[in-house]
Amino acid sequence: MPHRPIYLDHHATTPVDERVLAAMMPYFTTHFGNPASVAHQYGWEAEAAVQQARETIAAAIHATPEEIIFTSGATEANNLAIKGVAEAYITRGRHIITVQTEHNAILDPCRYLQSLGFDVTVLPVQPDGLIDMQELERAFRPDTILVSVMAANNEIGVVQPLEAIGTLCHSRSVLFHSDAAQAIGKIPLNVQTMQIDLMSLTGHKVYAPKGIGALYVRRRNPRVQLAPQLHGGGHERGMRSGTLYPPQIVGFAAAVQLAQTEMEAEADRLTQLRDRLWQRLQSLDGIYLNGHPSQRLPGNLNISVDGVDGQALLLGLQPVVAVSSGSACTSANIEPSHVLAALGRSNNLAFASIRFGIGRFNTAAELDRVAEATIATIQALRGVAIAGA
Ligand SMILES: *Cc1c(COP(=O)(O)O)cnc(C)c1O
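Residues numbered from 1 in each chain as written. Predicted model: local features only at pLDDT ≥ 70, side-chain atom pairs only at ≥ 80, totals over all residues. Heavy atoms only, no water.

A. Geometry of the domain arrangement of the protein chain. You can read the domains of the protein chain as domain 1 (6-13 + 263-388) and domain 2 (18-257). Residue-level contacts link 24 residues of domain 1 with 30 residues of domain 2. A buried area of about 2300 Å², summed over both sides, lies between domain 1 and domain 2, and 56% of it is on carbon and sulfur atoms. Among the residues domain 1 hides against domain 2, the three largest losses belong to Met-263, Leu-297 and Arg-360. Together they make up 24% of the total. Between domain 1 and domain 2 we count zero salt bridges in total. Put simply, domain 1 and domain 2 have 13 residue pairs in polar contact (both at pLDDT 80 or more) between them. Looking at the side of domain 1 that touches domain 2, the elements with two or more residues in it are strand E10 (300-305) and helix H9 (338-342). Here the side of domain 1 that touches domain 2 gets four residues from one element, more than from any other, and that element is H9. Split into classes, the residues belonging to the side of domain 1 that touches domain 2 amount to nine nonpolar, 12 polar and three charged. (Domains from an automatic or database assignment. Contact = heavy atoms within 4.5 Å. Buried area = accessible area lost by both parts, 1.4 Å probe. Salt bridge = Lys/Arg side-chain N within 4 Å of Asp/Glu carboxyl O. Polar contact = N/O pair within 3.5 Å; in protein donor to acceptor, adjacent residues only side chain to side chain. Helix = DSSP H or I, 4+ residues; strand = E, 2+ residues; numbered from the N terminus. Nonpolar A, V, L, I, M, F, W, Y, C, P; charged D, E, K, R; others polar.)

B. The sheet that holds strand E2 (residues 68-71), seen in detail. Judged by pairing direction, the sheet is mixed, and its seven strands sit side by side in the order E2-E8-E7-E6-E5-E3-E4 without closing on themselves. Each edge of the open sheet is held by one strand with a lone partner, namely E2 and strand E4 (119-123). Neighbouring strand axes in the sheet, compared pairwise and without regard to direction, differ in orientation by 20° on average. Sitting on the sheet, helix H3 (residues 74-88) is in contact with E2, strand E3 (95-99), strand E5 (144-148), strand E6 (175-179), strand E7 (198-202) and strand E8 (213-217), with an inclination near 160° to E7. Against the sheet, helix H4 (residues 104-115) contacts E3, E4, E5 and E6, and its axis sits at roughly 155° relative to E3. (Pairing = 2+ DSSP bridges. Axes fitted to C-alpha atoms, helices over the stretch in contact; angles between N-to-C directions.)

C. Structural view of the pattern of salt bridges. A full pass over the atoms with the stated rule returns 17 salt bridges. A salt bridge links Arg-19 to Glu-262; the nearest nitrogen and oxygen atoms lie 2.9 Å apart. Here Arg-19, found in helix H1 (residues 18-24), pairs with Glu-262, found in helix H7 (residues 246-281); they are 243 residues apart in sequence, far enough to count as distant. Here Glu-262 falls in the partly exposed class, since its relative accessible area comes to 26%. Glu-262 is the salt-bridge partner of Arg-360, the closest N and O atoms lying 3.9 Å from each other. Of this pair, Arg-360 sits in the loop between strand E14 (353-357) and helix H11 (364-388) while Glu-262 sits in helix H7, placing them 98 residues apart in sequence. The exposure class of Arg-360 is buried, given its relative accessible area of 12%. Residues participating in the shared-partner salt-bridge network are Asp-17, Arg-19, Glu-262 and Arg-360. (Buried < 20%, exposed > 50% of the residue type's maximum accessible area, 1.4 Å probe, protein only.)

D. Just the site of the ligand, in detail. Taken together, Gly-73, Ala-74, Thr-75, His-103, Met-150, Asn-154, Asp-179, Ala-181, Gln-182, Thr-202, His-204 and Lys-205 form the complete shell of residues around the ligand. Between the ligand and the protein, one listed contact pairs an oxygen atom with a backbone N or O atom of Ala-74 at 2.9 Å. A distance of 2.6 Å is found between an oxygen atom of the ligand and a side-chain nitrogen or oxygen belonging to Thr-202. Across the complex, the protein chains shield 87% of the 390 Å² of accessible surface that the ligand would expose by itself. Its residues assigned to classes, the shell around the ligand comprises three nonpolar, seven polar and two charged. (Near = heavy atom within 4 Å. Areas by Shrake-Rupley, 256 points an atom, 1.4 Å probe, with all protein chains shown as cover.)

E. Representation of the sheet that holds E10 within the structure. One open sheet accounts for three strands, arranged E9-E10-E14; its pairing is antiparallel. Pairing within the sheet leaves two strands with one partner each, and these edge strands are strand E9 (287-289) and E14. The sheet shows a mean angle of 25° between the axes of neighbouring strands, direction not considered. Across five bridges, the pairing between E10 and E14 is antiparallel. Bridge pairing in E14 places Ser-304 opposite Ser-353. H7 rests against E9, E10 and E14 of the sheet, and its axis sits at about 15° to E10.

F. Main features of the nonpolar core. The biggest cluster of nonpolar side chains holds 55 residues, and the ones touching the most others in it are Ile-61, Phe-70, Leu-136, Val-147, Leu-189 and Met-199. At six residues, helix H2 (residues 41-61) tops the list of elements feeding residues into this core. For this core, the domains that each give at least three residues are domain 1 (6-13 + 263-388) and domain 2 (18-257). Those residues in contact with Leu-189, other than ones at most four positions away along the chain, are Ala-60, Ile-61, His-62, Ala-151, Leu-162, Ala-180, Ala-183, Ile-184, Met-194 and Met-199. In this structure, Leu-277, Leu-281, Leu-301 and Ile-354 belong to the second largest nonpolar core, which totals 27 residues. (Core = buried A, V, L, I, M, F, W, Y, C linked by side-chain atoms within 4.5 Å.)

G. Structural context of empty space enclosed by the protein. Applying the stated rule across the entire model yields one cavity of 30 Å³ or more. What the largest cavity holds in volume is close to 230 Å³. Taken together, 21 residues line the largest cavity, and the ones lying closest to its centre are Gly-185, Lys-186, Tyr-207, Glu-266 and Leu-270. A total of six residues in the lining of the largest cavity trace back to one element, the largest contributor, which is H7. No fewer than three residues from each of domain 1 (6-13 + 263-388) and domain 2 (18-257) sit in the lining of the largest cavity. (1 Å grid on protein atoms, 1.4 Å probe; cavity = no way out; pocket = protein on both sides within 12 Å on 5 of 7 lines; lining within 4 Å. Points joined across faces, edges and corners; volume = space filled by probe spheres on them.)

What follows is the structure, given as structure tokens:
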């Protein structure tokens with residue numbers, strides 16, 4: 001295989017861990033049964049594997065197995081949570097609170113609900129990416145039914161104060177949903193102490209395959225009502241019809257289990273790699289950290305670079321390192337990331353940003369190469385800018 005760039009885009013997706021793949025393999029071939037087939041051994045085997053996976057994932061977040069609904073990923077889980085709650089609680093109210101820095105899989109369902117007559121308050125964030133708890137408190141209305149705040153941000157890695165948010169929501173008898181796609185397996189999550197009522201998860205950010213995720217739905221104190229968004233055979237206690245996909249489910253659980261077991265040591269390792277990269281990049285002037293310096297995911301470093309063109313920066317880095325930048329190409333034009341805009345970054349600084357997402361298989365030597373290449377690229381681009389001035 002030709003030389004490929006170093007992969008530092010683990011917030012976009014992760015490779016499947018070989019140990020996860022090994023756990024999945026029997027469920028494609030010998031153990032291929034449909035978990036809904038109650039009449040024979042093939043079905044029982046598949047159902048037993050799914051049940052075991054449900055227990056593993058539930059245990060990782062301090063939930064019960066009956067509270068886990070398998071979905072195709074976090075996008076579907078977010079849609080089910082937001083639209084499902086909106087529909088089920090419409091007689092209680094039509095007001096939802098969320099945040100500017102949420103993933104589009106939250107913001108778009110909210111916009112859709114607005115088009116149906118719901119009211120959505122989209123809270124700003126502070127310059128460090130954290131929500132202001134007093135703003136949240138002021139946003140509650142008598143008709144508020146749901147607050148949705150992500151656990152960890154996919155661009156800037158900022159981890160929101162979930163326990164404080166959950167406590168506030170429950171004191172107002174408002175449901176609390178959290179998109180934890182980036183958080184599962186990376187930081188401790190506890191739906192009890194954090195008072196989370198619904199939580200979206202996905203496999204492919206935590207070394208499981210793409211196309212599998214889950215929604216946690218609280219069954220006690222309070223019991224959350226949810227209107228299904230996929231109707232059919234009544235799978236997942238009627239909340240999400242569709243034949244379950246045992247290889248993916250088994251892989252998801254294996255990945256969560258591995259991440260939980262290795263979490264502490266891996267968080268330390270990633271934090272060291274991340275901090276070393278940041279330290280080296282700071283040898284340059286005009287480099288800014290995006291997001292809170294410590295209240296963030298271990299493997300996340302998001303920086304903006306003054307005095308360079310964002311597109312040129314990304315092009316210059318492409319041969320060496322696979323990273324993402326703070327611009328999203330829509331159909332016709334390039335738009336700055338809505339997350340960096342919410343932090344108050346100018347368009348230029350939002351465009352000239354790099355998201356380094358460090359993962360399980362990255363080494364210190366790789367990070368050193370990336371630091372050198374990034375510094376050299378920025379210096380070269382700035383040199384050009386000065387020469388051309
Ligand atoms: C990746 C991601 C999603 C989408 O998850 P899929 O499983 O790819 O649908 C949603 N929210 C956040 C925060 C993410 O990082």
